[in-house]
Amino acid sequence: KTLFLLQELMTLLADEKRGWFSPPPTIVTLGACDRLTMIQEARLTLPARLLNHSGVKLIFREGTPHEVEDLMKVSVLNARVVIVLGGTRDPAVADCMVTSAVLAVQ
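What counts and how
- Residues numbered from 1 in each chain as written.
- Predicted model: local features only at pLDDT ≥ 70, side-chain atom pairs only at ≥ 80, totals over all residues.
- Heavy atoms only, no water.
- Salt bridge = Lys/Arg side-chain N within 4 Å of Asp/Glu carboxyl O.
- Helix = DSSP H or I, 4+ residues; strand = E, 2+ residues; numbered from the N terminus.
- Buried < 20%, exposed > 50% of the residue type's maximum accessible area, 1.4 Å probe, protein only.
- Expected span 1.5 Å × (residues − 1).
- Arc of directions from axis to C-beta.
- 1 Å grid on protein atoms, 1.4 Å probe; cavity = no way out; pocket = protein on both sides within 12 Å on 5 of 7 lines; lining within 4 Å.
- Points joined across faces, edges and corners; volume = space filled by probe spheres on them.
- Nonpolar A, V, L, I, M, F, W, Y, C, P; charged D, E, K, R; others polar.

What follows covers the pattern of salt bridges. Scanning the model with the defined rule gives one salt bridge in all. Lys73 is the partner of Asp70 in a salt bridge, and the nearest nitrogen-oxygen pair spans 3.4 Å. Of this pair, Asp70 and Lys73 both sit in helix 4 (residues 68–73), three residues apart, which is roughly one turn of the helix. A residue is classified by how much of its surface remains accessible, and Asp70, at 14% relative accessible area, is buried. Residue class for Lys73 comes out partly exposed when judged on its relative accessible area of 46%.

Laid out in structure tokens, this is it:
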């Protein structure tokens, strides 16, 4: 689910018109698993054309989205868009996790 969303965002940002001196769009992913594992999963799942030629910069950070320190690691207050996904298949637990993350930002 997360990798599909990441692919869609990269495609959208790659097609976005930017000025000559604009910095490349950046997607920062904060996950509970190891950073290298997230990078490997992205390389295995995402099309090579997006990873190598889209002009979108991908950054992976290890942490939990309901911890304020981890949110500061990814500069959440400077983000143009923040998407919070539940980390479990149980809807009640996922809703609780997402709510905690949103409240941590405030």
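For the rest of this paragraph, the subject is helix 5 (residues 91–105). Its 15 residues give helix 5 an end-to-end C-alpha distance of 21 Å, which sits within 8% of 21 Å, the value for a rise of 1.5 Å per residue. Within the sequence span of helix 5, burial applies to Ala94, Ala101 and Ala104. The buried residues of helix 5 occupy an angular sector of 95° when projected down its axis, which confines them to one face. Of the residues in helix 5, the exposed ones pointing more than 90 degrees away from the buried face are Pro91, Ala92, Asp95 and Leu103.

Roughly 1600 Å³ of volume is contained in the largest pocket. Lining the largest pocket we find 45 residues, and of these Ile27, Val28, Thr29, Leu30 and Ile83 sit closest to its centre. Elements with a contribution of two residues or more to the lining of the largest pocket: helix 1 (2–15), strand 1 (26–31), helix 2 (35–45) and helix 5. When residues of the lining of the largest pocket are assigned to their parent elements, the largest contribution, seven residues, is made by helix 1. Its residues assigned to classes, the lining of the largest pocket shows 28 nonpolar, twelve polar and five charged. If you add up the space inside the second largest pocket, you get close to 210 Å³. Looking at the second largest pocket, the residues that line it are Arg35, Ile39, Ala42, Arg43, Leu51, Asn52, Val56, Leu58, Ile59, Phe60 and Arg61. Counting only elements with at least two residues in the lining of the second largest pocket, the list comes to helix 2, helix 3 (48–53) and strand 2 (57–62). Here the residues of the lining of the second largest pocket sort into seven nonpolar, one polar and three charged.

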